[in-house]
Amino acid sequence: MIDSVETLNQRVEALKKESFAATKILISMGTCGIAAGAAPVLEEVKKLISERQLENSVEIVETGCIGQCHAEPSVEICKYRNKRKCDVRRSESSRRNYDN
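Residues numbered from 1 in each chain as written. Predicted model: local features only at pLDDT ≥ 70, side-chain atom pairs only at ≥ 80, totals over all residues. Heavy atoms only, no water.

S.K.: How would you sum up the pattern of salt bridges? Please name residues and give values.
M.R.: Under the definition given, this model contains 3 salt bridges. For E44, the salt bridge is made with K47, and the minimal N-O distance between the two is 3.9 Å. Residue E44 and its partner K47 are located together in helix α3 (residues 38-51), separated by 3 residues, close to a single helical turn. We note a salt bridge from E62 to K46, for which the minimum N-O separation is 3.9 Å. With E62 in strand β2 (residues 58-63) and K46 in helix α3, this residue pair connects regions lying 16 residues apart in the sequence. (Salt bridge = Lys/Arg side-chain N within 4 Å of Asp/Glu carboxyl O. Helix = DSSP H or I, 4+ residues; strand = E, 2+ residues; numbered from the N terminus.)

S.K.: Tell me what's going on with the state of the cysteines, and back it up with residues and numbers.
M.R.: This structure, assessed with the given rule, holds 0 disulfides. Residue C65 stays outside any disulfide, its sulfur separated by 4.3 Å from that of C32, the closest cysteine. (Disulfide = S-S within 2.5 Å.)

S.K.: Before we move on, could you go through the nonpolar core and cite the residues and values that matter?
M.R.: Grouped together as the largest cluster of nonpolar side chains are 10 residues: I25, I27, M29, A38, V41, L42, V45, I49, V58 and V75. Looking at this core, the elements that each hand over two or more residues are β1 (23-28) and α3. In terms of residue count, α3 provides more of this core than any other element does, 5 residues in total. Setting aside anything within four residues of it in sequence, one finds I25 in contact with V45, I49, V58, E59, I60, V61, V75, E76 and I77. (Core = buried A, V, L, I, M, F, W, Y, C linked by side-chain atoms within 4.5 Å. Buried < 20%, exposed > 50% of the residue type's maximum accessible area, 1.4 Å probe, protein only. Contact = heavy atoms within 4.5 Å.)

If you want it as structure tokens, here you go:
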């Protein structure tokens, strides 16, 4: 709890030492997201981040349900406080790979 200016300053200094990714990719991994195919989307995003060596600048965040079941799987890209929501649709080939 921040109950004084001194505590606030200590918290500010601690936050300055933390590393924050410039970009966060939020992937909805609630039950509806998983049922709609979020797991292979998550794996593909992880693979692409690794292939491009972006682990230090991109953070992948698995979220719970966001209440948009009709739009799953859901991916949200947040960069410098700007948000962009992506509509992810699986191709027939990825659906077959996931289901098998």
